Amino acid sequence: MRFWNNDLLGGAGVVRRAATASLGRLAVAMLLTGLAGPALAQAVAGPGAFASRPAPLSSPQAPATTVAQRLEEVLNEPASVVSLGGSSEEAAAIRLFYYGRGYRPAWTDNARRGELIAAVEASREHGLAPEDFDIVALRQMAARSDDDAQMILRRELLFTETLARLVRQLRYGKVDPSALYSTWNFSPPPGVQERAQTLDELLDAASLQTALAALAPQDAAYRGLQQALSRFTALAAKGGWPSVPDGPTLRPGESDARVRALRARLQAEGWLAEAKADKADAAGEHQGHKLGKASARGDSSRYDKALAEAVQRFQTAHGLRPDAAVGSNTIAALNVSAAERVAQIRVNLERVRWVARDMTADRLVVDITSFNAALQLDGARVWSSKVMVGRPARETPVLLDHVQHLVLNPKWVVPPTILREDVIPGMNRNAAYLQQHNLRIVDRSGQAVAPEQIDWSSAKRGGFPYQVVQESGSRGALGRVKFSLSNGYAIYLHDTPSRALFSKPARALSSGCVRLEKPRELALLLLDDPERWNEEALTAAIASARTRTLPVGRHVPVMLLYRTAVADGSDAADHLGAVSFRVDIYNQDPPLLAMLDRRSRPRP
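For every chain, the first residue of its written sequence is number 1, and the numbers climb from 1 along that sequence. Only residues with pLDDT of 70 or above have their local features reported here, since the model is predicted, and side-chain atom pairs are shown and tallied only from 80 upward, although totals for entire chains, interfaces and linings are computed over all residues. The side-chain numbers reported here are obtained from all heavy atoms of the structure, hydrogens and water having been left aside.

**Student:** How should the packing of helix H20 (residues 519-527) against helix H21 (residues 535-543) be read in this particular structure?
**Tutor:** In a packed pair of helices, the relevant descriptors are the angle between the two axes and the axis-to-axis distance. Two elements in contact, H20 and H21, have axes separated by 10 Å at closest approach and are oriented at 115 degrees. The element H20 and its partner H21 pack so that their crossing is right-handed. Residues Arg520, Ala523 and Leu524 of H20 form the contact with H21, whose own contacting residues are Glu535, Leu538, Thr539 and Ile542. By the convention adopted, Pro, Cys, Tyr, Trp, Phe, Met, Ile, Leu, Val and Ala count as nonpolar, Lys, Arg, Asp and Glu as charged, and the other residues, Gly among them, as polar. In terms of residue class, the contact of H20 with H21 is made up of four nonpolar, one polar and two charged. What counts as an axis is a line fitted to C-alpha atoms, over the stretch in contact for a helix, and the angles between N-to-C directions run from 0 to 180 degrees. The way it works is that DSSP assigns letters per residue, a run of H or I at least four long becomes a helix, a run of E at least two long becomes a strand, and they are numbered from the N terminus. Here a crossing is called left-handed whenever its near helix is offset anticlockwise from the far helix by less than a right angle, and right-handed whenever the offset is clockwise. Two residues qualify as a contact provided that any one of their heavy atoms is within 4.5 Å of a heavy atom in the partner residue.

The following block contains the structure:
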């Protein structure tokens, strides 16, 4: 989704762009079917693209070479869309890449081949699988030194296809997010021409491995997840940690045999430093990061202060109430294995790759699983707030959006889902439902309709021709401020009168919209007009009880994101908040992990 207008370039420019886009679409279609000739490919690439490359063999000026001729023939066979593997866009990009270099082989340098193999092996650091790229075949092909034309041809296609797929996985993700989210509207991967240009630039780079690494997200949060992946992978390889048995809630000061298991569990991950006696008995020194200074001493079955502090640190990092009481939720988090945490980090590295290009210096991020929102302006956080998000039956969707305008003292028009699943069943159970919820019915002209005139028993089956509305006020469902978004799913941000619910650690409580604990501060920042709209002016406007629609003065992207593991990018060896895990409230990790682990289709 784009939030800017490029039509300011003038009529002639618009016509030229439209013609070029049409030609590009035609060329891509022909490239995909193997029908594009050199002239059309030249038109697609444009006069400046691949300018330093020699002309293709089909040009009379170019000398013929057996490998290049055969490469041109193979790439332009209709079946090559299948034989190249990967996506059809990647196949088209490979064709355009080789056309731009006159079908000359690109992998004649053994050192260059070694760099690509090293980059494939390093993809594990990004939560990807080197086996997905047929690493064995790459090594075998790279080791061969003979100059048989057929072998060279096979090597070219294997290495270039591998490079194209590695670029996509590192920069945009392996999994297509639209396969998981019907609402997905973040920036898509680039077109064929840009992909071909990227291949060309990578093979021109001084270090292919360095250039490939630079394609992955470069922000601190992504690097922090990579550090966490390395640490938890090492922990899993050593056997992880012991589990804590279920039972009554453990509280500080108590003595219980399960305290020993709790202590061992926290020591294994590094939340609690090991006592000297424990270290002497250990088979080897634990290399986890030392997140707590306190050590375990004294009676190992007694829940002492040092252990309570370690539990509180663990609870904070896992989105739990930091009360040091080890109940069912804390035990469930403690008993997630190291291997499961590795998988959780991997799926969240993938999620970062999906949205990294849209992470601008100005952004409003709603973190669905942490029940928190934050506004960043010019790269600095200027506001954050607790939020409530949709309960599992009515998920808050993952979206890229923007605030269209603010509404003070908003009225609420009940959206279709709530009407169908709450209001109509409520009226069938209780004739006073509308009155109790301060709701009224209006027709299309805004005229009131008496509830008793409606056959509620058939309303859900036959459609509902009216609107159910709630007037603004202190009891209004939207509170005093609404932030209207542009999506077509009736999802927006708003105030709420149910403020006591913000004290709950888990706040998946709404019908899909996002309720804000601190909406007025956000309103002032987005209005961005301190002379006209300061705190006093906003308070007075709200106190008037008049419904007003206000344009925003600062337009920022709004990102509704789903993340179950987040790192802040600090040193993972020493920093407490290196990575925090959240409950997968919508159960979205398993399908993504299955797609991430699915092997790409091998070459025939």
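Following the structure, the description resumes.
**Student:** I keep staring at the sheet that holds strand S6 (residues 439-442) and nothing clicks. Help me out?
**Tutor:** Strand order across the open sheet formed by four strands is S5-S8-S6-S7, with antiparallel pairing between neighbours. Two strands lie at the open edges of the sheet, namely strand S5 (412-413) and strand S7 (448-449), each paired on one side alone. In this scheme, strands are said to pair when DSSP sees at least two bridges between them. As judged from the two bridges shared by S6 and S7, these two strands associate in the antiparallel manner. Paired with Val442 across the strands is Ala448, a residue of S7.

**Student:** How do you make sense of helix H22 (residues 589-597) when you look at a structure like this?
**Tutor:** Owing to its 3.6 residues per turn, the α-helix brings residues three or four apart onto one side. The classification of residues rests on relative accessible area computed with a 1.4 Å probe and restricted to protein chains. Under 20% of the type maximum is buried, over 50% is exposed, and intermediate values are partly exposed. When H22 is considered as a whole, its buried residues turn out to be Asp589, Leu592 and Leu596. One side of H22 carries all its buried residues, which in axial view fall inside an arc of 70 degrees. The secondary structure elements touched by the buried residues of H22 are helix H16 (338-355). The arc in question is traced by the directions running from the helix axis to the C-beta atoms.

**Student:** Just to check I follow, could you spell out the environment of Leu158 for this structure?
**Tutor:** Topologically, Leu158 is positioned in helix H8 (residues 149-171). On the basis of relative accessibility, which here comes to 7%, the residue Leu158 falls in the buried class.

**Student:** How should the pairing of strand S9 (residues 481-485) be read in this particular structure?
**Tutor:** Within a regular beta strand, the side chains point alternately toward one face of the sheet and then the other, so they alternate between its two faces. Buried residues dominate S9, accounting for five of its five residues. Of the two faces of S9, the one lined by Val481, Phe483 and Leu485 and the one lined by Lys482 and Ser484 are each fully buried. Where strand S4 (residues 399-408) and S9 come together, five bridges link them in antiparallel fashion. Its bridge partner being in S9, Leu408 is matched across the sheet by Val481. Relative to strand S10 (residues 493-494), S9 is paired through two bridges, and the arrangement is antiparallel. By the bridge assignment, Lys482 is partnered in S10 with His494.

**Student:** Would you take a moment to explain the side chain of Arg113 for this structure?
**Tutor:** Mapped onto the elements, Arg113 comes out in helix H6 (residues 110-122). In this charge count, Lys and Arg are treated as positive and Asp and Glu as negative; neither His nor the chain ends contribute. Here, a salt bridge means any Lys or Arg side-chain nitrogen found within 4 Å of an Asp or Glu carboxyl oxygen. It is Asp109 that comes nearest to the buried, bridge-free Arg113 among opposite-charge side chains, at 6.6 Å. Whenever a nitrogen or oxygen atom comes within 3.5 Å of another N or O atom, the pair is scored as a polar contact, on the condition that within protein one atom can donate a hydrogen and the other can accept it, and that pairs from neighbouring residues in sequence are kept only if both atoms are in side chains. One polar contact links the side chain of Arg113 to the main-chain carbonyl oxygen of Thr108, over a distance of 3.5 Å. Excluding residues within four positions of it along the chain, Arg113 makes contact with Trp107, Thr108, Ala142, Arg144, Arg155 and Phe159.

**Student:** Explain H21 to me, please; I cannot follow it from the model alone.
**Tutor:** Turning to H21, its buried residues number three or more, namely Leu538, Ala541 and Ile542. Angular distribution of buried residues about the axis of H21 spans 100 degrees; they occupy a single face of the element. Turned more than 90 degrees from where H21 packs its buried face, Glu536 and Ala543 sit exposed. For H21, the elements touching its buried residues are S4, S9, H20 and strand S13 (548-551). At the N-terminal boundary of H21, the capping side chain belongs to Asn534, with an oxygen 3.2 Å from the backbone nitrogen of Glu536.

**Student:** Please explain the pattern of salt bridges as it appears in this structure.
**Tutor:** Any two side chains of opposite charge can pair, given that their charged atoms come close. Taken as a whole, this structure holds 25 salt bridges when the rule is applied. One salt bridge connects Glu115 with Arg112, and the closest N-O pair in it is separated by 2.8 Å. One end of the pair is Glu115 and the other is Arg112, both in helix H6 and three residues apart, which spans about a single turn. No difference in accessibility class separates Glu115 from Arg112, as the two residues are buried. We note a salt bridge from Arg394 to Glu421, for which the minimum N-O separation is 3.1 Å. Linking Arg394 in the loop between strand S3 (380-390) and S4 with Glu421 in helix H17 (residues 416-429), this pair joins segments that are 27 residues apart in sequence. What makes Arg394 buried here is its relative accessible area of 7%. Owing to a relative accessible area of 37%, Glu421 belongs among the partly exposed residues under this scheme. Via salt bridges that share partners, Arg394, Arg420, Glu421 and Asp422 belong to a single interconnected network.

**Student:** Help me understand the packing of aromatic side chains in this model?
**Tutor:** For any pair of aromatic rings, the description consists of the separation of the ring centres together with the inter-plane angle of the planes. Two rings from Phe, Tyr or Trp (for Trp, the six-membered ring) form a pair when their centres sit within 6.5 Å of each other. Planes less than 30 degrees apart are called stacked, planes more than 60 degrees apart edge-to-face, and all others tilted. Under the definition given, this model contains 13 aromatic pairs. Between Phe97 and Tyr98, the aromatic rings sit 4.9 Å apart at their centres with planes inclined by 65 degrees, giving edge-to-face as the arrangement. In this structure Tyr98 comes out as buried when scored by relative accessible area, which is 0%. Their ring planes at 80 degrees and their centres at 5.6 Å tell us that Phe464 and Tyr466 sit as a pair that is edge-to-face. Residue class for Phe464 comes out buried when judged on its relative accessible area of 18%. For Tyr466, a relative accessible area of 29% gives the class partly exposed.

**Student:** Whenever I open this one, the packing of H6 against H8 confuses me. Can you help?
**Tutor:** Here H6 crosses H8 at 40 degrees, and the two axes come no closer than 11 Å. Considering the angle they form, H6 stands oblique to H8. Crossing handedness for the pair H6 and H8: left-handed. Contact residues: Arg113, Leu116, Ile117, Ala119 and Val120 in H6; Arg155, Phe159, Thr162, Leu163 and Leu166 in H8. Among the residues forming the contact of H6 with H8, the class breakdown is seven nonpolar, one polar and two charged. Orientation labels follow simple angle bins: below 35 degrees gives roughly parallel, above 145 gives roughly antiparallel, 65 to 115 gives roughly perpendicular, and whatever is left gives oblique.

**Student:** Explanation requested: the nonpolar core in the structure shown.
**Tutor:** Think of a nonpolar core as a cluster: buried Ala, Val, Leu, Ile, Met, Phe, Trp, Tyr and Cys residues, connected wherever their side-chain atoms sit within 4.5 Å. By size, the foremost hydrophobic cluster in this structure holds 117 residues, and its most contacted members are Leu163, Leu212 and Phe483. When residues in this core are grouped by element, the largest group, 11 residues, is from H8. The contact partners of Leu163, leaving out residues within four places of it in the chain, are Trp107, Leu116, Leu199, Leu202, Leu203, Leu208 and Leu212. Residues Leu262, Leu266, Trp271 and Val326 belong to the second largest nonpolar core, which totals 20 residues.

**Student:** Help me understand the pairing of strand S1 (residues 363-367), please; the structure alone is not making it clear to me.
**Tutor:** Burial analysis of S1 places five of its five residues in the buried class, which makes it a mostly covered element. Of the two faces of S1, the one carrying Arg363, Val365 and Asp367 and the one carrying Leu364 and Val366 are both buried. Here five bridges tie S1 to strand S2 (residues 372-377), and the two strands are oriented antiparallel to one another. Looking at the pairing, Asp367 lines up with Asn372 of S2. Where S1 folds back on S2, the antiparallel hairpin that results is connected by four residues, among which Phe371 adopts a positive phi of roughly 55 degrees. Pairing of S1 with strand S14 (residues 557-561) involves four bridges; the strand directions are parallel. From the neighbouring strand, Asp367 faces S14, where its bridge partner is Leu561.

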